[in-house]
Amino acid sequence: MQAIVTVTPAQLPEVLLHVAVVRPVFLWGAPGIGKSSLVRQFAGSLGLECVTLLGTQLAPEDLIGVPELAGGKSRFAPPETIARDEPYCLFLDELNASPPEVQKAFYSLILDRRIGAYELPEGSVVIGAGNRATDNALARPMASALVNRLVHVHLRASADDWLAWAAGSGIHPWVLQYLVQRPDHLWSPPPKTEEPFSSPRAWHMLSDVIHSYGDDIDDETLAVLAFGTLTRNHASAFRAYVKTVRHAFDLDAVLKGEVSWPREPEQRDLLYFLSETFRARLIKELPADRRGASARGRDLAFRAKALLVELAEISLECAQLVIANDDDGAPALPAWFLVEVGRDLPRLAAARS
């Protein structure tokens, strides 16, 4: 299932409030971006209990129930997890990872809101969720009959939404402040190999284990935790960020001239982290057109060129990293700034080309 239009976690409750109360919804999204918790929160906002069924752990009879005799006739008695007297939110998690027979058993429950003679109480909602095959997650093709019984909503990770939530949810300050500086590191595409990758869930896990150890956690243990939860590059950068906190290095301090770039060989990971953060700051704050630059933007460009000179003296590789093209080979920084860099810093421009 390919996403044409996506929604953020902040937009999802409004969508569910108008859609899920009248039609069943299927929520698509990458692993670890918070689908399950968002559904539970939505159910809670309606005052409904959220009953979760995991498609990967069900057999058809778990839904249909077992036959029983009533008045000399047999009928199927649905399980008590489904057969409830009060309205509730039925959350079918990992629905598209379940076997075809189980998916088929859901048909009447999803469309007709009934299993055998049992009908969901008025006011109940049905929401399914699952990962996409492109996420390298367990996912099976969904039959067209099932696809056509659901309203499909695609969820994407949003750093702004997650940071707003994290600020009041006890997320460790190191994790929170790191992602404020590098919101692009909140999520990364799941790899094709069996290795950790960054996601809102992974960052939350890392926050929890850092809280467990405390702020006096040693660097070696922090490395074990970071590389055990995050994408390799993000783990390395986060570890370097913690060093900047502990050694009073900060990009803003470098920009203001209060401290200089770290120069010691053992501080090379700090230098790489600050260089990547410097690049991200320039991409975010330099305008595409120099004529539209504010006084702050012009000051940043002027200061950036001076800092690039200093950085190139320490590590030409790090200076090149700041002005490098993006993954598609296109310039990441504004053309006018790169022209000025080429004019004022010919050594760096020559190395870039």
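Attention here is on the structure that accompanies the text. Keep in mind the model is a prediction, meaning the values are calculated, not measured.

Structural notes on the pattern of salt bridges
Alright, step 1. Under the definition given, this model contains twelve salt bridges.
Alright, step 2. A salt bridge links arginine 291 to aspartate 289, with the nearest nitrogen and oxygen atoms 3.0 Å apart.
Alright, step 3. Through salt bridges with shared partners, a single ionic network connects Asp252, Arg281, Glu285 and Arg296.

Thoughts on helix α14 (residues 295–314)
Alright, step 1. Helix length check: α14, at 20 residues, gives a terminal C-alpha distance of 29 Å against a target of 28 Å (1.5 Å per residue), a fit within 8%.
Alright, step 2. Of all the positions in α14, only Gly297, Leu300, Ala301, Ala304, Lys305, Leu307, Leu308, Leu311, Ala312 and Ile314 are classed as buried.

Quick look at the nonpolar core
Alright, step 1. In terms of nonpolar packing, the biggest core is built from 57 residues, with Trp203, Phe238, Phe278, Leu308 and Phe337 touching the most fellow members.
Alright, step 2. It is α14 that contributes the most residues to this core, eight residues altogether.
Alright, step 3. Not counting residues up to four positions away in its chain, the partners in contact with phenylalanine 337 are Leu282, Leu286, Ala301, Ala304, Lys305 and Leu308.
Alright, step 4. Among the nonpolar cores identified, the runner-up in size contains 24 residues, and Leu92, Leu95, Tyr107 and Leu109 belong to it.

Digging into the sheet that holds strand β9 (residues 125–130)
Alright, step 1. Read from one edge to the other, the open sheet built from six strands follows the order β1-β10-β2-β9-β6-β3, with strand pairing classed as parallel. Since the sheet does not close on itself, it has two edges, and those belong to β1 (6–7) and β3 (50–54), each with one partner.
Alright, step 2. As judged from the four bridges shared by strand β2 (residues 25–28) and β9, these two strands associate in the parallel manner. Among the inter-strand pairings, phenylalanine 26 is bridged to a residue of β9, identified as glycine 128.

Focus on the layout of surface pockets
Remark: the empty space left among the atoms is shown by a probe the size of a water molecule rolled over them.
Alright, step 1. Approximately 850 Å³ is the volume found for the largest pocket.
Alright, step 2. Contributing elements (two or more residues each) for the lining of the largest pocket: α8 (173–181), α11 (232–246), α12 (251–255) and α13 (268–285).
Alright, step 3. Broken down by element, the lining of the largest pocket gets its largest block of residues, eight residues, from α13.
Alright, step 4. Its volume calculated, the second largest pocket comes out at about 700 Å³.
Alright, step 5. Lining the second largest pocket are 31 residues, and of these Gly32, Ile33, Gly34, Lys35 and Ser37 lie nearest its centre.
Alright, step 6. At the level of elements, α2 (35–45), α7 (159–166) and α9 (200–213) are the ones that each hand at least two residues to the lining of the second largest pocket.
Alright, step 7. No other element matches α2, which puts six residues into the lining of the second largest pocket.
Alright, step 8. Split into classes, the residues belonging to the lining of the second largest pocket amount to 13 nonpolar, eleven polar and seven charged.

Quick look at the side chain of threonine 229
Alright, step 1. Here threonine 229 lies in the loop between α10 (219–227) and α11.
Alright, step 2. Here threonine 229 falls in the buried class, since its relative accessible area comes to 13%.
Alright, step 3. A polar contact is formed between the side chain of threonine 229 and the backbone oxygen of leucine 225, at a distance of 2.9 Å.
Alright, step 4. Those residues within four positions of threonine 229 in sequence are excluded, and the remaining contacts are Pro196, Phe197, Ala202, Met205 and Leu206.

Points about the packing of α14 against helix α15 (residues 316–323)
Alright, step 1. Axis separation between α14 and α15 bottoms out at 5 Å; the angle between their running directions is 140 degrees. Between α14 and α15, the angle is such that the two are oblique. The residues of α15 that touch α14, namely those facing Leu308, Leu311, Ala312 and Ile314, are Leu316, Cys318, Ala319, Val322 and Ile323.
Alright, step 2. In terms of residue class, the contact of α14 with α15 is made up of nine nonpolar, no polar and no charged.

A look at the packing of α7 against α8
Alright, step 1. At a closest axis distance of 11 Å, the pairing of α7 and α8 adopts a crossing angle of 155 degrees. Taken together, the axes of α7 and α8 lie roughly antiparallel to each other. Here the hand of the crossing between α7 and α8 comes out left-handed. Each of Trp162, Leu163 and Ala166 in α7 lies in contact with α8, whose residues at this interface are Val175, Leu176, Leu179 and Val180.
Alright, step 2. Looking at the contact of α7 with α8 residue by residue, the class counts come to seven nonpolar, no polar and no charged.

Some remarks on empty space enclosed by the protein
Alright, step 1. In the structure shown here, the tally under the stated rule is one cavity of 30 Å³ or more.
Alright, step 2. Forming the walls of the largest cavity are Gln181, Tyr241, Thr244, Phe249, Asp250, Leu251, Phe273 and Leu274.
Alright, step 3. Only α11 and α13 provide two or more residues apiece to the lining of the largest cavity.
Alright, step 4. Split into classes, the residues belonging to the lining of the largest cavity amount to five nonpolar, two polar and one charged.

Notes on the packing of aromatic side chains
Alright, step 1. Within the structure shown, the criterion is met by ten aromatic pairs.
Alright, step 2. Their ring planes at 50 degrees and their centres at 5.7 Å tell us that tryptophan 162 and tryptophan 165 sit as a pair that is tilted. One end of the pair is tryptophan 162 and the other is tryptophan 165, both in helix α7 and three residues apart, which spans about a single turn.
Alright, step 3. Given a relative accessible area of 10%, tryptophan 162 falls into the buried group.
Alright, step 4. Residue tryptophan 165 is classed as partly exposed on the basis of its relative accessible area of 33%.
Alright, step 5. Put simply, the rings of Tyr178, Trp203, Phe238, Tyr241 and Phe273 touch in pairs and so form one group of aromatic residues.

Cut-offs applied
- Residues numbered from 1 in each chain as written.
- Predicted model: local features only at pLDDT ≥ 70, side-chain atom pairs only at ≥ 80, totals over all residues.
- Heavy atoms only, no water.
- Salt bridge = Lys/Arg side-chain N within 4 Å of Asp/Glu carboxyl O.
- Helix = DSSP H or I, 4+ residues; strand = E, 2+ residues; numbered from the N terminus.
- Expected span 1.5 Å × (residues − 1).
- Buried < 20%, exposed > 50% of the residue type's maximum accessible area, 1.4 Å probe, protein only.
- Core = buried A, V, L, I, M, F, W, Y, C linked by side-chain atoms within 4.5 Å.
- Contact = heavy atoms within 4.5 Å.
- Pairing = 2+ DSSP bridges.
- 1 Å grid on protein atoms, 1.4 Å probe; cavity = no way out; pocket = protein on both sides within 12 Å on 5 of 7 lines; lining within 4 Å.
- Points joined across faces, edges and corners; volume = space filled by probe spheres on them.
- Nonpolar A, V, L, I, M, F, W, Y, C, P; charged D, E, K, R; others polar.
- Polar contact = N/O pair within 3.5 Å; in protein donor to acceptor, adjacent residues only side chain to side chain.
- Axes fitted to C-alpha atoms, helices over the stretch in contact; angles between N-to-C directions.
- Parallel < 35°, antiparallel > 145°, perpendicular 65-115°, else oblique.
- Left-handed = near helix turned anticlockwise from the far one by under 90°.
- Phe/Tyr/Trp six-rings, centres within 6.5 Å; stacked < 30°, edge-to-face > 60°.

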